[in-house]
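Close look at the chain arrangement
What follows is each chain in one-letter form.
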Amino acid sequence: VSAPAGAALAVRNARLVTCDTGAGEGPLGVVEAGALLAVGGVITWVGRDRDLRLPHDAVELDAGLRAVLPGLVDPHTHLVFAGDRSGEFAARMRGQAYAAGGIATTVKATREASDAELSRLAEERLARFCGYGVTTVEAKTGYGLTTRDELRLLRVAAGLEGVVPTLMAAHVVPPEHREAPDAFVDLVCQEMIPAAEGAQFCDVWCEPEGAFSVAQSRRVLDAGRAAGFALKVHADQLSHGGGARLAAEVGAVSADHLEHATEADADALARAGTVAVLMPGASMMTGQPFAPARMLIERGVRVALSTDCNPGTSYSENLQLQVALGCVALRMTPEEALLAVTRQAAAAVGREDRCGSLRPGLAADAVILESRREVDLAYHYGVNLARTVIREGRVVVG
Ligand SMILES: [Zn+2]
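Below you will find a few notes about this structure. (Residues numbered from 1 in each chain as written. Predicted model: local features only at pLDDT ≥ 70, side-chain atom pairs only at ≥ 80, totals over all residues. Heavy atoms only, no water.)

1. Here's the deal with the environment of Leu145
Let me state the cut-off plainly: Helix and strand definitions here come from DSSP, where helices need a minimum of 4 consecutive H or I residues and strands a minimum of 2 consecutive E residues; each element is numbered from the N-terminal end. A simple rule labels every residue: compare its accessible area, found with a 1.4 Å probe on the protein chains alone, to the largest value its type can have, and call it buried under 20%, exposed over 50%, or partly exposed in between.
Counting through the fold element by element, Leu145 comes out in the loop between strand S7 (134-140) and helix H4 (147-158). Judged by its relative accessible area of 1%, Leu145 is buried. Taking C-alpha positions, Leu145 is 27 Å from Thr274, a pair spaced 129 residues apart along the chain.

2. What about the packing of aromatic side chains?
The cut-off we apply is this: Here a pair means two rings of Phe, Tyr or Trp (six-membered ring of Trp) with centres within 6.5 Å. Their orientation is stacked below 30 degrees between planes, edge-to-face above 60, and tilted elsewhere. To sit over a ring, a charge needs its Lys NZ or Arg CZ within 6 Å of the ring centre and within 35 degrees of the ring normal.
Taken as a whole, this structure holds three aromatic pairs when the rule is applied. Ring plane angle 70° and centroid distance 6.1 Å describe the contact between Phe81 and Tyr143, whose orientation is recorded as edge-to-face. Of this pair, Phe81 sits in the loop between strand S6 (72-74) and helix H1 (86-93) while Tyr143 sits in the loop between S7 and H4, placing them 62 residues apart in sequence. Grouping aromatic residues by their ring pairs yields a cluster made of Phe81, Tyr143 and Tyr315. For Arg125, the ring lying beneath its charged end belongs to Phe81, and the centroid distance is 3.5 Å. Just above the ring of Phe201 sits the side chain of Lys232; from NZ or CZ to the centre is 4.7 Å.

3. Here we look at the sheet that holds S6
The cut-off we apply is this: Each pair of strands is called paired provided DSSP finds at least two bridges between the two strands. Fitted lines through C-alpha atoms give the axes, limited to the stretch in contact for helices. The angle between two N-to-C directions lies from 0 to 180 degrees. The contact criterion used throughout is that any non-hydrogen atoms of two residues lie within 4.5 Å.
With parallel pairing, the eight strands of this open sheet are ordered in space as S6-S7-S8-S9-S10-S11-S12-S13. Strands at the two margins of the open sheet, each flanked by one partner only, are S6 and strand S13 (303-305). Averaged over all pairs of adjacent strands, the angle between their axes in this sheet comes to 25°, without regard to strand direction. The sheet contact formed by strand S8 (residues 163-170) and strand S9 (residues 201-206) spans three bridges and is parallel. Paired with Thr166 across the strands is Phe201, a residue of S9. Across the sheet, helix H6 (residues 214-226) touches S8, S9 and strand S10 (230-235), and the angle it forms with S9 is around 180°.

4. With respect to the pattern of salt bridges
The following threshold applies: When a carboxyl oxygen of Asp or Glu is within 4 Å of a side-chain nitrogen of Lys or Arg, the pair counts as a salt bridge.
For the structure on display, the rule yields 27 salt bridges. We note a salt bridge from Arg120 to Glu124, for which the minimum N-O separation is 2.6 Å. Of this pair, Arg120 and Glu124 are both found in helix H3 (residues 115-131), four residues apart, which corresponds to roughly one turn of the helix. Judged by its relative accessible area of 38%, Arg120 falls in the partly exposed class. Arg302 serves as the salt-bridge partner of Glu352, at 2.9 Å between the closest nitrogen and oxygen.

This is the structure in structure tokens:
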């Protein structure tokens, strides 16, 4: 079934998990025996199937009482890269500790890859995301680290459907600037950020040992804001380095990682309305501590979940698995974990008014699960439960 562009699509006979509290039962806004109507790629109506008024030209999709969720949103990936670090993974599994240095391997391979090769690799990963029901993916640069290469990665990311592009030129200090890291920060602020056409966010890895100090990170974020970008921060991942406090101070849309965040950090994030993006897969794969999700939630921080898809610490496009890890490793409730890959994740990429819930006016992005119970995303873990994936009113998988 594939509706032509502009045509109406009706998803009928569904357990609609709207993720819009006002629209149905419970924290997930569930409508039993529900239906959804999309016209021209936008949701125009959500309600009980028996109340649906079907346009004469609508394509009908029978969900068979299965759970239908908003298209999932991954708010943090390093999608565009070349090369392979499976050897580094294997070495780590033999006992070596994770350090930020491995990024240089990916930087080298990425610089050597052509635009066409980078696009092909990113498209393959994006197709795998889509297969898991993920219809919106944030994608960072950060493996180019020269003006030319960062802008190249940004163009690749911005050219992909469903991608939110982020400039993360301040990922690590590249080898050629190791002796003078502040000169590299100058380059990021004065040359790369002002030229980053098409980016929606500016991001920085605030990690005093291995990436950027609080002072350097603040310079990057100030330059990003001056250029008109919304802000993100990789914060308190390997140590309590001050990233979360900085994210709150500059009014960042999200603070990501937060494995070492404290209660005072959480209070600052809650006051600033900064969304916490947590990546239990990265903790699992590197043997690092898990982020304090319960503490963050209990202190009023909105929590989103992400794959952190990247070649070093978490090479996976399976956002469904993060829902399971959110529950069992971060002690989130199934409802919190589901909202963390839908509504909260949309908030973490500044798109709550476009995706992340099923309500009129938003893009008709949805996923029909194999199951009639959305909790199976956590319970029946490690397998792909996406049966049909709909993007902007068109069936793209299934
Ligand atoms: Zn990251």
